[in-house]
Amino acid sequence: MLQHCNIFTTSVTVDEIDPANPKSALENIEIPETIFGDCYSTQSEALFVATGGAINLDTSATRAEMDQAIRQHNLASSSAMRSGGVVTASSPAIIAIGYDGTNYTASSWNYLDSAGVGCTPSGNQSFAFMDYRVDPGWNNDLESIVAYTNCNSIGVADGINLTGDQFTIANFAASIYEPVTRLDLNDRVSSSLHYG
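An account of the accompanying structure is given in this report. Predicted, not measured: the structure shown is a model, and the values here were computed from it. Within every chain, residues take consecutive numbers counted from 1 along the sequence as written. Predicted model: local features are reported for residues with pLDDT of at least 70 only, side-chain atom pairs are reported and counted for 80 or more only, and whole-chain, interface and lining totals are derived from all residues. With hydrogens and water excluded, all non-hydrogen atoms of the structure serve as input to the side-chain values.

Next up on the list: the overall build of the protein chain. Strands here are runs of E lasting at least two residues and helices are runs of H or I lasting at least four, both read from the DSSP assignment and numbered beginning at the N terminus. The number of helices and strands found in the protein chain is two helices and 13 strands. Relative to a compact globule of 196 residues, whose C-alpha radius of gyration would be 16 Å, the protein chain shows 15 Å and is just as compact. The principal-axis extent of the C-alpha atoms belonging to the protein chain is close to 40 × 40 × 30 Å. In this scheme, a residue with accessible area under 20% of its type's maximum is buried, one over 50% is exposed, and one in between is partly exposed, where area comes from a 1.4 Å probe on protein chains only. Going through the 196 residues of the protein chain one by one, you find that 48% of them count as buried. Counted over contacts in the protein chain with a minimum sequence separation of 6, partners at least 24 positions apart contribute 69%. Carbon and sulfur atoms make up 49% of the accessible area of the protein chain, which amounts to about 8,900 Å² in all. Between the two quantities, the radius of gyration covers C-alpha atoms and the globule rule is 2.2 Å times the number of residues to the power 0.38. Between two residues, a contact is recorded if the distance between any of their heavy atoms is within 4.5 Å. With residues, only the protein chains shown are counted as cover, and all accessible areas are computed by Shrake-Rupley using a 1.4 Å probe.

Another point: the pairing of strand 7 (residues 144-147). With burial as the criterion, each face of strand 7 is covered, one bearing Ser 144 and Val 146 and the other bearing Ile 145 and Ala 147. Here a strand pair is declared whenever DSSP counts at least two bridges between the two strands. Where strand 7 meets strand 10 (residues 172-173), two bridges bridge the pair, whose relative direction is antiparallel. Along strand 10, the bridge assignment pairs Val 146 with Phe 172.

Another aspect to go through is the state of the cysteines. Disulfides are defined as cysteine sulfur pairs within 2.5 Å. Summed over all chains, the structure comprises two disulfides. Here Cys 5 pairs with Cys 39 through a disulfide, and the sulfurs are 1.9 Å apart. Between Cys 5 and Cys 39, the S-S dihedral sits near 105°, and the bridge is therefore right-handed. Placement of Cys 5 in strand 1 (residues 4-9) and of Cys 39 in strand 3 (residues 35-40) is noted, with a sequence separation of 34 residues between them. Disulfide pairing places Cys 119 opposite Cys 151 at an S-S distance of 2.2 Å. Linking Cys 119 and Cys 151, the disulfide has an S-S dihedral of approximately 95° and is accordingly described as right-handed. Placement of the pair is Cys 119 in the loop between strand 5 (105-113) and strand 6 (125-129) and Cys 151 in the loop between strand 7 and strand 8 (153-159), with a sequence separation of 32 residues. Looking at the protein chain, its bonded cysteines, counted consecutively from the start of the sequence, adopt the pairing 1-2, 3-4.

The next subject is the nonpolar core. Grouped together as the largest cluster of nonpolar side chains are 24 residues, with contacts concentrated most on Tyr 111, Phe 129, Ile 145, Val 156, Ile 169 and Ile 176. Mapped by element, the contributors of at least two residues to this core are strand 1, strand 4 (93-101), strand 5, strand 6, strand 7, strand 8 and strand 9 (163-170). Nonpolar cores are built from buried Ala, Val, Leu, Ile, Met, Phe, Trp, Tyr and Cys residues. Side-chain atoms within 4.5 Å join them into one set.

It is worth spelling out the packing of aromatic side chains at this point. Each aromatic pair joins two rings of Phe, Tyr and Trp (for Trp, the six-membered one) with centres within 6.5 Å, and gets the label stacked for planes under 30 degrees apart, edge-to-face for over 60, and tilted for any other angle. As enumerated under the stated definition, the model contains six aromatic pairs in all. Summarising the aromatic geometry, the rings of Phe 36 and Trp 138 are spaced 5.0 Å apart at their centres and angled 75° between planes, so their arrangement reads as edge-to-face. Of this pair, Phe 36 sits in strand 3 while Trp 138 is found in the loop between strand 6 and strand 7, placing the two residues 102 residues apart along the sequence. Residue classification places Phe 36 among the partly exposed positions, given a relative accessible area of 24%. Ring geometry for Tyr 99 versus Tyr 104: centroids 6.0 Å apart, planes at 80°, classification edge-to-face. Tyr 104 shares its class with Tyr 99; the two are buried.

Put into structure tokens, the structure is as follows:
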């Protein structure tokens, strides 16, 4: 049975991230707790609940329609923040969506910034998901991912706390595979760092 889940965290501020060793940027920084929300039978429902109704799509919405709605929601949230408006906690920003199938298919996890900003504007905000094992359905299942809110770099690792085999994805990946080194992390990711 497909499920679509919401995962919340808040950002950490770092000076610079080395894509070859993203964990080094997190030394001596307290990592916020990852909070797992509920899971739903459709992606539309998960996004509706996660954003407090701000994203309201029919259950038959295509991935392209969802992508457009997410980008519009995130843009509206970041524009409100820049103009001094308030984005409530009920309107978190979607920083990425991960899928347990290649090519953005199957069950999904919405990675959310509880503060509603993401990496917009691009800067020192980062989001660390250090241990996927806290939700048994999430660990070692990631096979594709797409980034939002200028969190365009995603460091993935097969060990918790960004250890073990790892590489950085730019913007999106239809498969968690690094073609130059031939490192295949499909169904092996146990932690990730999302940054701009």
